[in-house]
Amino acid sequence: MIADKFHEVEAKIKESMQRRTRVPKDAPVTLIAVTKNHDVAAMREAIDAGAVEVGENRIQEAKEKYETLDRPVTWHLIGHLQTNKAKVAVKLFDLIHSVDTVHLAKAIDKEAGKIGKVQDILVQVNLAKEESKSGVYKEDLQEMLDLVDTLPNIRLCGLMCIAPNYENVEDCRPLFREMYGIYQKVKEIPYKTANIKYLSMGMTHDYPIAVEEGANMVRVGTAIFGPRQY
Ligand SMILES: *Cc1c(COP(=O)(O)O)cnc(C)c1O
């Protein structure tokens, strides 16, 4: 069941890549299986079907699963991170997608330094300026990226965004297109330590459009695991 759905999502990503018009069709896409609110048994099913990247949004939940899961995977933090949880986050996660303030970036840098790690991160952009969502406004992005590039224990790897939950999913397209443009520009900047290679955008309802418009990392939960029970 989970395996079938995982393969379906993989197939849809391939179809979306074929529909690309402004983005190289062969630019690969990393599929993150968003396992939040699903148990370790469900995670194993996805991993055995080929998932190698998992996404979680809460530190405590991720920690419990991290200690239980008997499969090697890459861990992504996709949810909002509080500064006081940076210490645990740097121990668990390979990539933190949700860095949205200088304050948080500095906390991650400090905690990563303590354990001798260089933490890979993405900066979250709030392109639609939704009050309910975190993320840097595009006007403030340059300053944020410049600062992050100076932090020795952080490696800036790209950008992340969450599209508004539009009734008509096509309404996301201009936003994804604009994000891809911003990402392309940021890639050109000769940073000292940054290695800009990921544009993380697209979830269950909008990932096919995100992939068409240039996402190379998508975060998909419901389409693989079914609805979450809270
Ligand atoms: C939960 C979550 C997802 C996955 O959402 P689905 O709609 O279940 O695919 C992706 N990104 C973030 C930031 C999330 O919190």
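Residue numbers run consecutively from 1 along every chain, following the written order of its sequence. Where local features are concerned, this predicted model is filtered to residues with pLDDT of at least 70; where side-chain atom pairs are given and counted, the filter is 80 or more; whole-chain, interface and lining totals use all residues. The side-chain values count all of the structure's non-hydrogen atoms but skip hydrogen atoms and water molecules.

A. Inspection of the overall build of the chain at higher detail. Every helix listed is a DSSP run of H or I at least four residues long, and every strand listed is a run of E at least two residues long, numbered separately from the N terminus. Each helix and strand in the chain was counted, giving 9 helices and 8 strands. A radius of gyration in this sense is built from C-alpha atoms; the matching globule rule multiplies 2.2 Å by the number of residues raised to 0.38. Whereas a compact globule of 230 residues would reach a radius of gyration of roughly 17 Å, the chain reaches 17 Å, a difference of no more than 12%. What makes two residues a contact is simply this: any of their non-hydrogen atoms within 4.5 Å. Here the contacts in the chain between residues at least 6 apart in sequence split such that 60% fall between residues at least 24 apart. The accessible surface values rely on the Shrake-Rupley method and a 1.4 Å probe; as for residues, cover is taken only from the protein chains in view. For the chain, the exposed surface amounts to about 11000 Å²; the carbon and sulfur share of it is 50%. Charge counting follows a simple rule: Lys and Arg are positive, Asp and Glu are negative, and His as well as the terminal groups are ignored. Charge coordinates come from a single atom per side chain, which is NZ of Lys, CZ of Arg, CG of Asp or CD of Glu. Taking the 32 positively charged and 34 negatively charged side chains of the chain as two groups, their mean positions are separated by 3 Å.

B. Up close: helix H1 (residues 2-18). An expected span of 1.5 Å times one less than the residue number is assigned to each helix. An ideal rise of 1.5 Å per residue puts 24 Å on 17 residues; H1 measures up with 25 Å between its terminal C-alpha atoms. Burial here depends on accessible area, computed with a 1.4 Å probe over protein chains only, as a share of the maximum for the residue type. Under 20% is buried, over 50% is exposed, and the range in between is partly exposed. Where H1 is concerned, the buried positions are Ile2, Phe6, Val9, Ile13, Ser16 and Met17. Buried residues of H1, seen end-on, are gathered within an arc of 105° and therefore sit on one face of the element. Of the exposed residues in H1, those oriented more than 90 degrees away from the buried face are Asp4, Glu8, Lys14 and Gln18. Buried positions along H1 lie against strand S1 (30-34), helix H2 (40-48), helix H8 (207-212), strand S8 (217-220) and helix H9 (222-225). Directions are taken from the helix axis to each C-beta atom, and the arc is the one they span.

C. Examining the UniProt feature "domain: Alanine racemase N-terminal" (unreviewed entry) in the chain more closely. When the UniProt feature table is mapped onto this chain, "domain: Alanine racemase N-terminal" (unreviewed entry) is found at residues 28-228. Regarding residues 28-228, the helix share stands at 39% and the strand share at 20%, and the terminal C-alpha atoms are separated by 28 Å. UniProt positions are given in the numbering used here, feature names are shortened, and annotations may be inferred rather than shown by experiment.

D. Structural view of the UniProt feature "modified residue: N6-(pyridoxal phosphate)lysine" (unreviewed entry) in the chain. In the numbering used here, UniProt assigns the "modified residue: N6-(pyridoxal phosphate)lysine" (unreviewed entry) feature to Lys36. Looking at where Lys36 falls in the secondary structure, it is placed in the loop between S1 and H2. A relative accessible area of 14% means that Lys36 is categorised as buried.

E. Structural view of the pairing of strand S6 (residues 154-161). Buried residues dominate S6, accounting for 7 of its 8 residues. As judged from the 7 bridges shared by strand S5 (residues 119-125) and S6, these two strands associate in the parallel manner. Across the sheet, residue Gln119 finds its bridge partner in S6, namely Ile154. Looking down the strands as they point away from you, a crossover is right-handed if its path from the first strand over the helix to the second goes clockwise. This β-α-β element, S5 to helix H6 (residues 138-150) to S6, shows right-handed connectivity. Of the strand pairs in this sheet, S6 and strand S7 (residues 198-200) are connected by 3 bridges, and their pairing is parallel. Looking across to S7, one finds that Leu159 is bridged to Leu199. Handedness of the β-α-β unit built from S6, helix H7 (residues 173-188) and S7 comes out right-handed. Here a strand pair is declared whenever DSSP counts at least two bridges between the two strands.

F. Representation of the site of the ligand in the model. As a structural note, the neighbourhood of the ligand is formed by Val34, Lys36, Ile78, Ile162, Met203, Thr204, Arg219, Val220, Gly221, Thr222 and Arg228. A distance of 2.9 Å separates a nitrogen atom of the ligand from a polar atom in the side chain of Arg219. What qualifies as a polar contact is a pair of N or O atoms within 3.5 Å, subject to a donor-acceptor requirement within protein and to the restriction that residues adjacent in sequence count only when both atoms come from side chains. Residue Arg228 places a side-chain N or O atom 2.7 Å away from an oxygen atom belonging to the ligand. Considered on its own, the ligand offers 390 Å² of accessible surface; in the complex 90% of this is hidden by protein. The nonpolar class holds Ala, Val, Leu, Ile, Met, Phe, Trp, Tyr, Cys and Pro. Asp, Glu, Lys and Arg form the charged class, and all remaining residues, Gly among them, are polar. The residue makeup of the shell around the ligand, split by class, is 5 nonpolar, 3 polar and 3 charged. The criterion for a residue being near a molecule or strand is simple. One of its heavy atoms has to lie within 4 Å of it.

G. Representation of H6 within the structure. By the burial criterion, the buried members of H6 are Leu141, Met144, Leu145, Val148 and Asp149. Considering only its buried residues, H6 is in contact with strand S4 (95-99), helix H5 (102-114), S5, S6 and H7.

H. Focus on the packing of aromatic side chains. By convention, a stacked pair of Phe, Tyr or Trp rings (six-membered ring in the case of Trp) has centres within 6.5 Å and planes under 30 degrees apart, an edge-to-face pair has planes over 60 apart, and any other such pair is tilted. A full pass over the atoms with the stated rule returns 2 aromatic pairs. For the pair Tyr66 and Trp75, a centre-to-centre distance of 5.4 Å together with 55° between the ring planes defines the contact as tilted. Relative accessible area serves as the criterion here: at 36%, Tyr66 is assigned to the partly exposed category. For Trp75, a relative accessible area of 5% translates into the label buried. Their ring planes at 35° and their centres at 6.3 Å tell us that Tyr180 and Tyr183 sit as a pair that is tilted. Residue Tyr180 and its partner Tyr183 are located together in helix H7, separated by 3 residues, close to a single helical turn. Residue Tyr180 shares its accessibility class with Tyr183, and that shared class is buried.

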